[in-house]
Structure formats: structure tokens, C-alpha cells
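Fold and contact review
The chain contents come next:
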Amino acid sequence: MPEVKEGTIQHQISAEGADPLLLSGVNDANLLELARVSGARVVLRGDQLLLSGTLEGIERVTPIARHMVDLARMGVVFSSHDISRFADAEGTAEGSLGRLGDGAGIAISGSRKVINPKSEGQRTYLEAIEKNDIVIGIGPAGTGKTYLAVAMAVDALHRKRVKRIILARPAVEAGENLGFLPGDLQEKVDPYLRPLYDALEDMMPAERVRRAIETRAIEIAPLAYMRGRTLHDAFVILDEAQNATTLQMKMFLTRLGLNSKAVITGDKTQIDLRHRRDSGLLQVEEVLKGIGGIEFVYMQPADVLRHRLVKEIIRAYGEAGEREEADSGGARG
């Protein structure tokens, strides 16, 4: 039980068995961030995590601190940027912290990396991919939609659940005209597909990725290349699906063959098509709603994995968009 000393609540949490560097972070960055989000004083002394502050601060910091200790005991790497997400998860979903990281990790073959869900939204997303043949992940940039889907695909290939991975993206310029691109056809489309290569190379040695592409165990291609094909024994990912037209989305969904799984990812706030209404991602929500074996997962700003300010930027743009829609609606009225 916490004890009261001169108006300050003090509490100790056992960190026995926890890796102290994983728990505290480089230069105590994790502990400093925990203190920032809770308003409590946080000190790691031996195998004890010492917390002191107001009653409200201690009540807020304790479940987050216990979760950090549990992750450090399991050898799960986390950073100071994750601490604010842990705080958001505890504040919006009772008991959600206790579910993160317990057996939900993806162990990547050939490396020592274990990819764990870092938010409740990510955990829900991974569970949906495991249980369904088609999953449509919708949410803001930085929530790990593509990265986690690629991790699941690499894991499925290693376990021989599928014979190949196919990664596709619409080749649509993001708000600017890039003009003429030099090189052959593959060199012209590679800039659009680079985020998919980056995700793969973060999980597999570059040489292994190169061999897999040469043997066609992994194929990375523009969405247009999918036309006319039937994809058996494959884990298929359509990334940036908000820039697929309605016809392209239908074409992609009807490529799925026997023993195949598809993951579609997109962000409805980043549609680069000339007309927003042409986005196949918007229509697919209504068309496929209620079909068994297809699940929609909606990621939230709290699931953003990038710098903590990215979450605030996404929220600010969202609020600005809502105000603009309200103003335009009022003008029409």
C-alpha cells in the first residue's frame, strides 16, 4: 500500500527480473517520459521502481509502470514514445495495458526481432489478420497498418502457410506532379513502392529480400499489375488503398484465390485522387459490411507510432477539416 509522507504519496513497484536498460531507456528516457505524462517522480533504485507524487498522479502512473516492468521482464524493447501511448491506452480502455505484449508478438525468422503490438488498436488488428481471410485496416499515418501486415506476411511465409507474398500499391502521386521519371518501367514505379521495401528490409536481411524477390517468393508491384491474375497460396497486401479507384478495388478483391489472405490498408484523410468520391476505400466500407470472413479494423490517433507530436498534428488537421466541413455546410444552407 502507498504510504503518506508529508503530504506526498509514495509507492514501490518490484522490478526484479526486469532488464534495467529496457525499463529505464537510454539516459533514463523512459522514466523521464513516464514522469512527464503522470506528473509523478519516478526513480529506479536497484530492483525497485520508486514512485512519488499526488494521489491522482500515483493512480495514473502505477498501471503504466507495472506494464513497463512486465515488458522489460519479457525482453520487449519499447521507447519513450511508447510511454504516452501506454498512458492513452490506460485512460481510454480499462485494463487494456494488461493485454498488450502477452503472447501477441511476431517472432521474425532469421533475426532476433520480435514485433509486439504497442497499442490496443494494433493488437486488435493483428488478431483480425490471424482470424480472417480479408482485413481492411483504416486509420491515420503512423499507426503501423502496413508494417504489421508485412510482419504477418513474412511470418506466414516462414511458417509455410503461404507460398508467396504479394505487396501492391496504387501508383498515385501524393499531391504533386513528379514529372518525367528516368529509367525502365521498374525504376519508374519503385519510388511509389519504396515504403514496402523499407518494411521488408527492416525484418529481413537485404540479401534475403533480394533472393526472395528473384525467386518470386516476394513480389512488389503497382496495383495495375494485378489485373487478370488469380492469386493462390498467397498473402496479399494492398497498401495506400485510399488511392485505389472503385474499379481497382473490385479488381483487387476478386484476385484472391485458394488458401490466400488479403490485408488492405488506407487512410481516408490522405486521398490523392482527383475526386475524393472515386476512392474505392470509401465505397468498400458500405459494400462489404457484414460479410463473414471480412473484418474492418479502425486505428485511432492513440495508435500512432511515430514522434509523439505526430498524434497531435493528426488531431489538429482532423479538427480543422471538421470545421471546414461545418463552415461549407453552413454556407450552402
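For the structure given in this document, a descriptive report is provided here. (Residues numbered from 1 in each chain as written. Predicted model: local features only at pLDDT ≥ 70, side-chain atom pairs only at ≥ 80, totals over all residues. Heavy atoms only, no water.)

Between its first and last C-alpha, helix 3 (residues 55-74) extends 29 Å over 20 residues, near the 28 Å set by a 1.5 Å rise per residue. Where helix 3 bends most, at Val-61, the angle is about 30 degrees, and the proline Pro-63 comes one to four residues later. The complete set of buried residues in helix 3 reads Gly-57, Ile-58, Val-61, Thr-62, Ile-64, Ala-65, His-67, Met-68, Val-69, Leu-71 and Ala-72. Backbone geometry just after helix 3 places Gly-75 at a positive phi near 80 degrees. (Helix = DSSP H or I, 4+ residues; strand = E, 2+ residues; numbered from the N terminus. Expected span 1.5 Å × (residues − 1). Bend = angle between axes of the 7 residues up to and from the residue. Buried < 20%, exposed > 50% of the residue type's maximum accessible area, 1.4 Å probe, protein only.)

Approximately 780 Å³ is the volume found for the largest pocket. Lining the largest pocket are 22 residues, with Asp-267, Lys-268, Thr-269, Tyr-317 and Gly-318 sitting closest to its centre. Its residues placed into classes, the lining of the largest pocket shows 8 nonpolar, 6 polar and 8 charged. (1 Å grid on protein atoms, 1.4 Å probe; cavity = no way out; pocket = protein on both sides within 12 Å on 5 of 7 lines; lining within 4 Å. Points joined across faces, edges and corners; volume = space filled by probe spheres on them. Nonpolar A, V, L, I, M, F, W, Y, C, P; charged D, E, K, R; others polar.)

Our focus in this paragraph is empty space enclosed by the protein. What the rule picks out here adds up to 2 cavities of 30 Å³ or more. Considering only enclosed or pocket space, the second largest cavity measures out at about 30 Å³ in volume. In this structure, the second largest cavity is lined by Ile-134, Leu-231, Val-236, Phe-252, Leu-253, Arg-255, Leu-256 and Ala-262. Partitioning the lining of the second largest cavity into residue classes produces 7 nonpolar, no polar and 1 charged.

As a further point, take the packing of helix 5 (residues 120-131) against helix 6 (residues 145-158). For the pair helix 5 and helix 6, the least separation of the axes is 11 Å and the interaxial angle reads 40 degrees. What the angle tells us is that helix 5 and helix 6 run oblique. Here helix 5 and helix 6 pass one another in a crossing that is right-handed. The residues of helix 6 that touch helix 5, namely those facing Gln-122, Tyr-125, Leu-126, Ile-129 and Glu-130, are Lys-145, Leu-148, Ala-149 and Met-152. Counted by class, the contact of helix 5 with helix 6 contains 6 nonpolar, 1 polar and 2 charged residues. (Axes fitted to C-alpha atoms, helices over the stretch in contact; angles between N-to-C directions. Parallel < 35°, antiparallel > 145°, perpendicular 65-115°, else oblique. Left-handed = near helix turned anticlockwise from the far one by under 90°. Contact = heavy atoms within 4.5 Å.)

Spatial strand order, 9-8-10-11-7-12: 6 strands in an open sheet with parallel pairing. Of all strands in the sheet, those bounded by a partner on one side alone are strand 9 (218-222) and strand 12 (294-298). Direction aside, the axes of adjacent strands within the sheet are offset by 15 degrees on average. With 5 bridges connecting them, strand 8 (residues 164-169) and strand 10 (residues 234-238) associate as parallel partners. By the bridge assignment for strand 10, Ile-166 is matched with Val-236. Those strands touched by helix 10 (residues 280-287) are strand 7 (134-138), strand 11 (261-266) and strand 12, and its axis lies near 125 degrees from that of strand 7. (Pairing = 2+ DSSP bridges.)

Tallied over the full model, the rule gives 14 salt bridges. The salt bridge involving Glu-130 is made with Arg-161; its shortest N-O contact spans 3.4 Å. Placement of the pair is Glu-130 in helix 5 and Arg-161 in the loop between helix 6 and strand 8, with a sequence separation of 31 residues. The closest approach of N and O atoms between Glu-219 and Arg-229, which form a salt bridge, is 2.7 Å. (Salt bridge = Lys/Arg side-chain N within 4 Å of Asp/Glu carboxyl O.)

Pairing analysis gives 5 bridges linking strand 3 (residues 41-45) to strand 4 (residues 48-53), with the strands arranged antiparallel. If you follow Arg-41 over to strand 4, its bridge partner there is Ser-52.

What characterises a pair of aromatic rings is the spacing of the ring centres plus the angle enclosed by the ring planes. Tallied over the full model, the rule gives 1 aromatic pair. Centre to centre, the rings of Phe-296 and Tyr-298 are 6.4 Å apart; their planes meet at 15 degrees, and the pair counts as stacked. (Phe/Tyr/Trp six-rings, centres within 6.5 Å; stacked < 30°, edge-to-face > 60°.)

Time to look at the pairing of strand 2 (residues 8-14). Of the two faces of strand 2, the one holding Ile-9, His-11 and Ile-13 is buried and the one holding Thr-8, Gln-10, Gln-12 and Ser-14 is not buried anywhere. Across 6 bridges, the pairing between strand 2 and strand 4 is antiparallel. Bridge pairing in strand 4 links Gln-12 to Leu-50.

Let us now look at the packing of helix 2 (residues 29-38) against helix 3. It is the contact of helix 2 with helix 3, at a shortest axis distance of 9 Å, that shows an interaxial angle of 150 degrees. For the element pair helix 2 / helix 3, the angle class is roughly antiparallel. As for how helix 2 packs across helix 3, the hand of that crossing is right-handed. Packed against helix 2, whose contacting residues are Asn-30, Leu-31, Leu-34, Val-37 and Ser-38, the element helix 3 presents Gly-57, Arg-60, Val-61, Ile-64, Ala-65 and Met-68 at the interface. When its residues are assigned to classes, the contact of helix 2 with helix 3 shows 7 nonpolar, 3 polar and 1 charged.

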